[in-house]
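# Close look at the chain arrangement
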Amino acid sequence: MKFSLFCSSLSLVNIFLSWDYVDAFLPSNGYSSKSSVVRAPVILGAAGEPIEMEVGIPPSSSGLKAQMRIPPILPNSEMIEVRYGIPFGLNVEPRDGLAICTKDGAGGEKEGDVLRYTSAWTMGLPRGDGILSTAASFSGGIGWQCSLFNVAKANSWPEVIEALTSNVPARTDEVVLLFERPLPVE
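Source: prediction; values computed, not measured.

Okay, unusual backbone geometry next. Pro59 follows Pro58 through a cis peptide bond whose omega is -5°. Phi at Asp96 takes a positive value of approximately 50°, unusual for a residue other than glycine. What makes Asp96 exposed here is its relative accessible area of 81%.

Structure (C-alpha cells):
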C-alpha cells in the first residue's frame, strides 16, 4: 500500500481508500461508493449513563455483532452509526484530544460530531472457544481480524489514521464509524 500525503495543515484528515492507494489530507470530493446512516437509540439518564447499542462488525457478510456500552464524553448526546463502502471519504481532525468532524458527510456525519469508534483490522490468532479455533491457534493460523477501535482512547493521531486506513478492500467491503453527536439544548 502506498501513502501520499498532501496538505497545508497536517491536522485535517480526508481519507480515500482503494485497492492499493491511500490519499490522506486531500480536500473531500464527496468520494463514497455507498453509505448509510443508522441512528442508535439514545439511552442517556440525567447523569449521562452509557449508551447501549448493537453494531454489525465488517465485512457486511460476517453476521457478527458487537454489544456496545459507550460512556458519553459530551453532556447531552446521541450515538450515530455510519457505514461507508470502500473507498470512503472522511473529514476529521484532532481538537482538544478528540477526533472532530469538520464537514458534513454523505453518510450522515455532521460538522461537530465526535468520532468515537471505527472498525479496524489487525493480525491475530483466531478467536473463539471451539475446537477449530483452538487447533488453528496451536498451528500458528493467524489472520486479519476486525474490531472496533476506541478513537477517544488513542495514544496518538497516527494511531487513529492507522485504524481508519486498515479498512481496505482486501479485508472488507465497508467501514463502520460511530459518532457522538451533541443534542440541541432545550
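Next up on the list: the side chain of Glu109. Tracing the backbone shows Glu109 in the loop between β9 (98–101) and β10 (114–124). One buried charged residue, Glu109, forms no salt bridge at all, with the nearest opposite charge on Arg181 at 6.9 Å. Within the structure, Glu109 has its side chain in polar contact with the side chain of Tyr84 (distance 2.7 Å).

Glancing now at the pairing of β10. Of all 11 residues in β10, 9 are buried; the element is thus mostly enclosed. Two elements, β10 and strand β12 (residues 174–182), share 4 bridges in a ladder whose sense is antiparallel. Across the sheet, Thr118 pairs through a bridge with Leu177, a residue of β12. Note: β10 against strand β11 (residues 143–150), 8 bridges, orientation antiparallel. Bridge pairing in β11 links Gly124 to Gly143.

Time to look at the layout of surface pockets. What the largest pocket holds in volume is close to 190 Å³. Taken together, 13 residues form the lining of the largest pocket, with Trp121, Thr122, Glu162, Ala163 and Ser166 sitting closest to its centre. Within the residue set of the lining of the largest pocket, elements represented by two or more residues are β10, β11 and α2 (157–165). In terms of residue count, α2 provides more of the lining of the largest pocket than any other element does, 4 residues in total. Tallied by class, the residues present in the lining of the largest pocket amount to 6 nonpolar, 4 polar and 3 charged.

We now examine the packing of aromatic side chains. Within the structure shown, the criterion is met by 1 aromatic pair. Their ring planes at 15° and their centres at 6.4 Å tell us that Tyr84 and Phe88 sit as a pair that is stacked.

Moving on to the nonpolar core. Counting 21 residues, the largest nonpolar core has Phe88, Leu90, Leu115, Leu164, Leu177 and Phe179 as the members making the most contacts within it. Of all the secondary-structure elements, those providing two or more residues to this core are β7 (77–85), β9, β10, α2 and β12. At 5 residues, α2 tops the list of elements feeding residues into this core. Within the second largest apolar cluster, 14 residues are counted, among which are Ile51, Ala66, Met68 and Cys146.

Let us now look at a nonpolar patch on the surface. Among the surface-exposed residues, Met123, Ile142 and Trp144 lie close enough to one another that they form a single nonpolar patch of about 320 Å² accessible area. Relative to the helices and strands, Trp144 is located in strand β11. On the basis of relative accessibility, which here comes to 42%, the residue Trp144 falls in the partly exposed class.

Quick look at the pattern of salt bridges now. The final tally for this structure, using the stated rule, is 6 salt bridges. For Arg116, the salt bridge goes to Glu180, with nearest N and O atoms at 2.5 Å. Remark: Glu180 occurs in strand β12 and Arg116 occurs in strand β10; sequence separation between them is 64 residues. Residue class for Glu180 comes out buried when judged on its relative accessible area of 0%. Salt bridges linked by common partners bring Glu81, Arg83 and Glu174 together as one network.

Rules used throughout
Note that residues are indexed from 1 along each chain, following the sequence as it is written. The predicted origin of the model limits local features to residues at a pLDDT of at least 70 and limits the giving and counting of side-chain atom pairs to 80 or more, whereas totals for whole chains, interfaces and linings rest on all residues. Only hydrogens and water are removed before side-chain values are computed, so all heavy atoms of the structure are retained for them. Accessible area is worked out with a 1.4 Å probe on protein chains only. A residue is then buried under 20% of its type maximum, exposed over 50%, and partly exposed in between. Helix and strand definitions follow DSSP, with helices as H or I runs of at least four residues and strands as E runs of at least two, each counted in order from the N terminus. For the purpose of charge, His is not counted, nor are the chain termini; Lys and Arg are scored as positive and Asp and Glu as negative. Only one rule defines a salt bridge in this text: a Lys or Arg side-chain nitrogen within 4 Å of an Asp or Glu carboxyl oxygen. For the purposes of these results, a polar contact is taken to be a pair of N or O atoms within 3.5 Å, where, inside protein, one atom must be able to donate a hydrogen and its partner to accept one; residues adjacent in sequence count only when each atom of the pair is a side-chain atom. Pairing between two strands is assigned when DSSP locates at least 2 bridges connecting them. Only protein atoms enter the 1 Å grid used here, on which a cavity is any set of points holding a 1.4 Å probe that cannot leave and a pocket is any open set flanked by protein within 12 Å on both sides along at least five of seven lines; residues with an atom within 4 Å of a point are listed as lining. Grid points are joined across faces, edges and corners, and a volume is the space filled by probe spheres set on the points. Gly falls in the polar group here, along with every residue not listed as nonpolar (Ala, Val, Leu, Ile, Met, Phe, Trp, Tyr, Cys, Pro) or charged (Asp, Glu, Lys, Arg). Stacked, edge-to-face and tilted labels apply to pairs of Phe, Tyr and Trp rings (six-membered ring for Trp) whose centres lie within 6.5 Å, assigned for plane angles under 30 degrees, over 60, and everything in between, in that order. The set of buried Ala, Val, Leu, Ile, Met, Phe, Trp, Tyr and Cys residues whose side-chain atoms join them within 4.5 Å is what this entry labels a nonpolar core. What goes into a patch is any residue over 30% in relative accessible area without a salt bridge, connected to like charges within 9 Å or, for nonpolar side chains (Val, Leu, Ile, Met, Phe, Trp, Tyr), within 5 Å. Accessibility throughout is a Shrake-Rupley quantity obtained with a 1.4 Å probe, and a residue counts as covered only by protein chains that appear here.

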